[in-house]
Amino acid sequence: NTKYTDSIHLVPEDGLIQQGSVSRTISNTTIASPRNGGFTSLKIPIVIFCSYRYQYMSRLIRSLHDIDGLNVNSTCLFACQRSSSVREEDVTKTMKLIEDVKFCKTKTLFAQSKRRNAKEYKQQWYNTVKQAFEGKDTFGFGSQYEGDILFLEDDIELSKDAIKMIWYMLRIKNSHHKTIAVGLGGWSGENLINPHPDTVVIRYMLFFPGMAYAFNASVWREVKKSRFLTIKANDWSEALGWLWVGRYDVVVPTLGRMWHIGAIGLGHTGDGKKRRRIEPKPAWSKSPRLVDLDKVTLNKGERDLFGMYCRPSEWKPYMSVKCICPRTRVLYPNKRHFQIVCLKMPNVYDKCIGQDP
C-alpha cells in the first residue's frame with residue numbers, strides 16, 4: 001500500500017480515497033501511481049486572481065461551470081486587485097459574475113494597487129498566498145490549511161477534464177519528494193513533446209508554472225523564508241525560478257489543458273503593456289478526446305523543460321540554466337509548441353496523438 005503525505009485531505013465523498021496503487025519507475029525513484037477508477041469529484045480550495053477584466057473572467061467562469069469533477073462544496077477565493085485604470089462598470093459586472101457562481105462556495109479578498117504591473121502583482125501574489133495558507137479559516141476548515149490549493153489567473157480557460165488532471169497529478173506530486181507543484185500547461189497552454197490526453201510528465205522547473213497551478217503549505221513556507229520579495233526579478237514565477245534553480249520538479253500534462261486568452265501580458269519590462277499573440281484555439285482542441293482515467297500514465301524519467309527525455313548529465317543551457325536535452329531546440333522550436341510533435345527517444349516510449357488511440 002502507498003502511504004501518501006498529508007498534503008492532500010483524503011475525503012471519501014470527493015473520490016480521493018485510493019483502493020490501491022501500482023508502481024512505476026522514474027529515473028531511479030519509485031513513483032506511486034494510484035488506480036483511478038474511484039474518482040467522482042475533487043474538493044479542493046481554489047484561488048482566482050481577479051483584476052476586474054470582465055471580458056476574461058466571464059470566460060474563465062464559464063469554463064469552470066462546464067468542467068467535470070469539481071465538487072460543489074469546494075471554496076473559491078476571488079482575490080480582487082483594483083488599480084486606477086479599472087472602470088467602475090467592470091467592477092460591477094465582475095462582482096455580479098462572482099455573485100452568480102454556483103459551482104463552488106465563494107469568498108472575496110480585496111486589495112488596491114497604484115498600477116497593474118509585475119512588481120505590484122508580485123506583492124499581491126505574495127499577500128494572497130499568505131492569506132490562503134495562514135488565514136485562520138480562509139476556506140471553511142476551521143483552521144489554517146496545509147493541503148493543496150489550485151491557483152488560477154483570470155485570463156484563461158480550462159479544458160473540461162482539467163480537474164481530473166489536477167486530481168491525478170497531485171497524487172504523483174505527493175509521492176515524489178523533489179516535485180513541488182502541478183501545472184496545466186505552459187505560459188500560454190502549450191503542449192510538450194509527444195502530447196497525448198492520457199500522459200503526464202515530471203519535468204525540470206525553470207520557472208514556477210504560472211496561470212493554472214497547485215501546491216501546498218510547505219511550498220508557501222519555503223517562499224516566506226526566501227528572498228522572494230527582494231530578488232530583482234519582478235515576475236513572481238521567474239523570481240521563484242531563480243531562487244530555486246535546479247532544486248525542484250513539477251508535474252504537467254503533455255497536452256495543454258489551459259488556454260491563455262489575455263491580449264496584454266506583463267512582458268519583460270513588467271509594465272503590463274506588451275501585446276501578445278493569442279492562439280486561435282486551445283491546445284487540447286487538436287486531440288480527438290480528453291483524458292481516460294483508466295488509461296492515464298506517468299511517462300518514464302525526469303524530463304527536460306519541453307518534455308524531452310535524456311540523462312540530466314546531458315542537459316544543455318537554456319537561459320543560462322542546464323535544463324534541455326541537446327537536440328530539443330532543433331526538434332521542438334517555439335513555432336511548434338502548439339502543434340502535435342511526435343518524436344522517438346531512446347530508452348522510453350511515449351504515447352502521442354495520431355500514433356496511439
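Caption draft 1: Molecular detail of the side chain of Asp 249. Looking at where Asp 249 falls in the secondary structure, it is placed in strand β11 (residues 249-253). Here Asp 249 occupies a buried position and makes no salt bridge, while the nearest side chain of opposite charge, Lys 178, is found at 4.1 Å. If sequence neighbours within four positions are ignored, Asp 249 has contacts with His 176, Lys 178, Thr 179, Ile 180, Ala 181, Ile 202, Arg 203, Tyr 204, Met 205 and Glu 302.

Caption draft 2: Structural context of the sheet that holds strand β6 (residues 149-152). The sheet built from nine strands is open, its strands ordered β5-β4-β3-β6-β10-β8-β11-β9-β15 with mixed pairing. The open sheet has two free edges, formed respectively by β5 (105-112) and β15 (297-303), since each of these has just one partner strand. Neighbour-to-neighbour, the strand axes of this sheet turn through a mean angle of 25 degrees, independent of strand direction. Here β6 pairs with strand β10 (residues 212-215) via four bridges, running antiparallel. What sits directly across from Leu 150, in β10, is Ala 214. Docked against the sheet, helix α1 (residues 54-66) engages β3 (46-50), β4 (75-82) and β6, running at close to 160 degrees with respect to β3.

Caption draft 3: Fine view of a nonpolar patch on the surface. A surface patch of nonpolar side chains, amounting to about 250 Å² of accessible area, comprises Trp 242, Val 245 and Met 319. With respect to the secondary-structure elements, Trp 242 resides in helix α6 (residues 236-243).

Caption draft 4: Region of interest: the nonpolar core. Core analysis: the largest hydrophobic core is formed by 50 residues, its most contacted members being Phe 78, Leu 152, Leu 158, Ile 166 and Leu 184. It is helix α4 (residues 162-173) that provides the largest number of residues to this core, a total of nine residues. When residues no more than four places from it in sequence are discounted, the contact partners of Phe 78 are Ile 48, Met 57, Ile 61, Ile 98, Val 101, Thr 106, Lys 107, Thr 108 and Leu 109. By size, the runner-up hydrophobic cluster in this structure holds 37 residues, among which are Val 47, Tyr 145, Met 205 and Ala 217.

Caption draft 5: The arrangement of the state of the cysteines in detail. Evaluation of the coordinates by the stated rule reveals three disulfides. The disulfide partner of Cys 76 is Cys 104, and the S-S distance across this bridge is 2.1 Å. Residues Cys 76 and Cys 104 are joined through a disulfide that is left-handed, its torsion about the S-S bond being -125 degrees. Of this pair, Cys 76 sits in strand β4 while Cys 104 is found in the loop between α2 (88-99) and β5, placing the two residues 28 residues apart along the sequence. By relative accessible area, which is 5% here, Cys 104 ends up buried.

Caption draft 6: Structural context of helix α5 (residues 217-224). Listed as buried for α5 are Ala 217, Val 219, Trp 220 and Val 223. Considered in projection along α5, the buried side chains sweep an arc of 150 degrees and stay on one side of the axis. In this structure, the buried residues of α5 make contact with α3 (118-134), β8 (179-183), β10 and α6.

Caption draft 7: Structural context of the pairing of β11. Of all five residues that make up β11, five are buried, and the element is covered over most of its length. Judged by which residues are buried, β11 turns out to be covered on both faces: Asp 249, Val 251 and Pro 253 on one side and Val 250 and Val 252 on the other are all buried. Inspection of the sheet shows β8 paired to β11 by three bridges, in the parallel sense. Looking across to β11, one finds that Ala 181 is bridged to Val 250. Across five bridges, the pairing between strand β9 (residues 199-204) and β11 is antiparallel. Directly across from Arg 203, in β11, lies its bridge partner Val 250.

Caption draft 8: Representation of the environment of Phe 207. Structurally, Phe 207 is set in the loop between β9 and β10. Along the primary structure Phe 207 and Asp 235 are separated by 28 residues, whereas in three dimensions their C-alpha atoms are 9.9 Å apart. In this structure, Phe 207 is in contact with Ser 237, Glu 238, Gly 241, Trp 242 and Met 319, ignoring residues within four places of it in sequence.

Calculation criteria
Residue positions are counted from 1 within each chain, in the order its sequence is given. Where local features are concerned, this predicted model is filtered to residues with pLDDT of at least 70; where side-chain atom pairs are given and counted, the filter is 80 or more; whole-chain, interface and lining totals use all residues. Hydrogens and water molecules were not included; the side-chain quantities draw on all heavy atoms of the structure. Helical segments are the DSSP runs of H or I of at least four residues, strand segments are the runs of E of at least two, and each set is numbered from the N terminus. Remark: exposure states derive from per-residue accessible area (1.4 Å probe, protein chains only) relative to the maximum for the residue type, with buried under 20%, exposed over 50%, and partly exposed in between. Positive residues here are Lys and Arg, negative ones are Asp and Glu, while His and the chain termini are left out of the count. A pairing counts as a salt bridge when a side-chain nitrogen of Lys or Arg comes within 4 Å of a carboxyl oxygen of Asp or Glu. Should any heavy atoms of two residues lie within 4.5 Å, those residues are considered in contact. One bridge is not enough; two strands pair if DSSP finds at least two bridges between them. What counts as an axis is a line fitted to C-alpha atoms, over the stretch in contact for a helix, and the angles between N-to-C directions run from 0 to 180 degrees. Each patch is built from salt-bridge-free residues with over 30% relative accessible area, joining like charges within 9 Å and nonpolar side chains (Val, Leu, Ile, Met, Phe, Trp, Tyr) within 5 Å. The Shrake-Rupley method, run with a 1.4 Å probe, gives the accessible areas here. Residue values count only the displayed protein chains as cover. Here, nonpolar core means buried Ala, Val, Leu, Ile, Met, Phe, Trp, Tyr and Cys residues that are tied together by side-chain atoms lying within 4.5 Å of each other. The definition used for a disulfide is geometric: two cysteine sulfur atoms within 2.5 Å. It is the directions from the helix axis to the C-beta atoms whose arc is reported.

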